[in-house]
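# Analysis of the macromolecular model
Spelled out, the chains give:
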Amino acid sequence: SVRLYVTDMGIKIYKSSDGLKFTEETGSPPPGGADPTLIKLSDGTYRMYYKDRQGQLETICTATSPDGLTWTKESDTGISNTSGGRAWGVPDSIELPDGRIRLYWVDTPVGSPDPPNGYEVIKSAISSNGLIFTEESGYRTEGGYVDPYILVAEEGNWIGLFSLMLPHLEPMKM
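Residues numbered from 1 in each chain as written. Predicted model: local features only at pLDDT ≥ 70, side-chain atom pairs only at ≥ 80, totals over all residues. Heavy atoms only, no water.

On to the overall build of the protein. Summing up its helical and strand segments, the protein has zero helices and 13 strands in all. Ordered by position from the N terminus, the helices and strands of the protein form the series β-β-β-β-β-β-β-β-β-β-β-β-β. In terms of overall size, the protein behaves like a compact globule, its C-alpha atoms giving a radius of gyration of 17 Å where 174 residues would be expected to give roughly 16 Å. Structurally, the protein occupies a C-alpha span of about 55 × 40 × 40 Å along its principal axes. As presented, the protein carries roughly 10200 Å² of accessible surface, and 53% of it is formed by carbon and sulfur atoms. (Helix = DSSP H or I, 4+ residues; strand = E, 2+ residues; numbered from the N terminus. Rg over C-alpha atoms; globule rule 2.2 N^0.38 Å. Areas by Shrake-Rupley, 256 points an atom, 1.4 Å probe, with all protein chains shown as cover.)

Turning to the packing of aromatic side chains, a few remarks are in order. Taken as a whole and judged by the stated rule, the model has three aromatic pairs. Ring centres 6.3 Å apart and planes at 70° place the aromatic pair tyrosine 145 and phenylalanine 162 in the edge-to-face group. Of this pair, tyrosine 145 sits in strand S12 (residues 145–154) while phenylalanine 162 sits in strand S13 (residues 157–164), and the two are 17 residues apart along the sequence. Taking relative accessible area as the criterion, phenylalanine 162 reaches 34% and is therefore assigned partly exposed. (Phe/Tyr/Trp six-rings, centres within 6.5 Å; stacked < 30°, edge-to-face > 60°. Buried < 20%, exposed > 50% of the residue type's maximum accessible area, 1.4 Å probe, protein only.)

What follows is about the nonpolar core. Core analysis: the largest hydrophobic core is formed by 10 residues, namely Ile39, Tyr49, Ile60, Ile79, Trp88, Ile101, Leu103, Trp105, Ala125 and Phe133. The leading source of residues in this core is strand S9 (residues 101–107), at three residues. With nine residues, the next largest nonpolar core counts Tyr5, Ile11, Cys61 and Ala63 among its residues. (Core = buried A, V, L, I, M, F, W, Y, C linked by side-chain atoms within 4.5 Å.)

Here we come to the pairing of strand S7 (residues 72–80). By the bridge criterion, five bridges tie strand S6 (residues 57–65) to S7 in an arrangement that is antiparallel. Residue pairing in the sheet places alanine 63 in a bridge with lysine 73 of S7. (Pairing = 2+ DSSP bridges.)

We now examine the sheet that holds strand S4 (residues 34–40). Ordered in space as S4-S5-S6-S7, the four strands form an open sheet in which the pairing is antiparallel. Strands at the two margins of the open sheet, each flanked by one partner only, are S4 and S7. Taken pair by pair, the neighbouring strands of this sheet meet at an average axis angle of 30°, ignoring direction. In this sheet, S6 lies alongside strand S5 (residues 46–54) in antiparallel orientation, the contact comprising nine bridges. Paired with methionine 48 across the bridge in S6 is alanine 63. (Axes fitted to C-alpha atoms, helices over the stretch in contact; angles between N-to-C directions.)

Following the criterion strictly, the structure yields 11 salt bridges and no others. Residues glutamate 25 and arginine 3 are paired through a salt bridge, measuring 2.7 Å at the closest nitrogen-oxygen approach. Pair noted here: glutamate 25 is in the loop between strand S3 (23–24) and S4 and arginine 3 is in strand S1 (residues 2–7), with a separation of 22 residues, a long-range link. Glutamate 136 is the partner of arginine 102 in a salt bridge, and the nearest nitrogen-oxygen pair spans 2.9 Å. Taken together, the residues arginine 102 in strand S9 and glutamate 136 in the loop between strand S11 (134–135) and S12 connect sequence positions 34 residues apart. Beyond isolated ion pairs, a larger network of salt bridges with shared partners links Asp35, Lys51, Arg53 and Glu58. (Salt bridge = Lys/Arg side-chain N within 4 Å of Asp/Glu carboxyl O.)

This part is about the environment of serine 80. Within the secondary structure layout, serine 80 lies in strand S7. Linking serine 80 and aspartate 52, residues 28 residues apart in sequence, is a C-alpha distance of 9.4 Å.

On to the side chain of threonine 37, then. By secondary structure assignment, the location of threonine 37 is in strand S4. Taking relative accessible area as the criterion, threonine 37 reaches 6% and is therefore assigned buried. Among the polar contacts listed, one links the side chain of threonine 37 to the side chain of aspartate 92, at a separation of 3.3 Å. Sequence-distant contacts of threonine 37, that is, excluding residues within four places in its chain, are made with Arg47, Met48, Tyr49, Pro91, Asp92 and Ser93. (Polar contact = N/O pair within 3.5 Å; in protein donor to acceptor, adjacent residues only side chain to side chain. Contact = heavy atoms within 4.5 Å.)

The following block contains the structure:
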């Protein structure tokens with residue numbers, strides 16, 4: 001079966017036996033969360049990384065679940081929207097071959113106007129325990145690539161899938 005975690009005024013959970021028709025499941029995702037990404041832990045449980053708003057600050061938090069349905073908020077990763085830009089979040093998580101976790105997320109660099117006139121970048125951070133992250137220097141992408149999804153193509157090779165934010169276009173005059 002396939003399970004989807006969808007942002008829709010919080011996080012909703014759907015399941016499908018054929019990957020085509022989905023029905024909503026009753027679960028308890030973290031309240032107020034958005035943009036979930038999951039890692040299956042070595043003990044068979046799951047860890048979710050998701051964007052959350054704590055007061056005026058957006059941050060990436062974690063929650064755990066034994067079954068993918070019942071979630072318990074765990075901690076704040078230390079990654080937050082320090083630029084103040086509206087384009088921020090949409091984390092993706094991967095487990096590296098050495099067991100560390102890398103998070104990717106969208107950000108608007110300090111001093112850049114919000115899109116469509118500014119630009120977005122993908123940043124990353126790494127953790128040895130999956131809870132406390134250290135931001136890596138530089139950007140993974142620039143030029144409006146957003147909403148990262150990273151996967152292993154084969155041992156030692158990775159594929160990154162992204163959306164591309166097009167520059168603001170003036171409406172056609174007729």
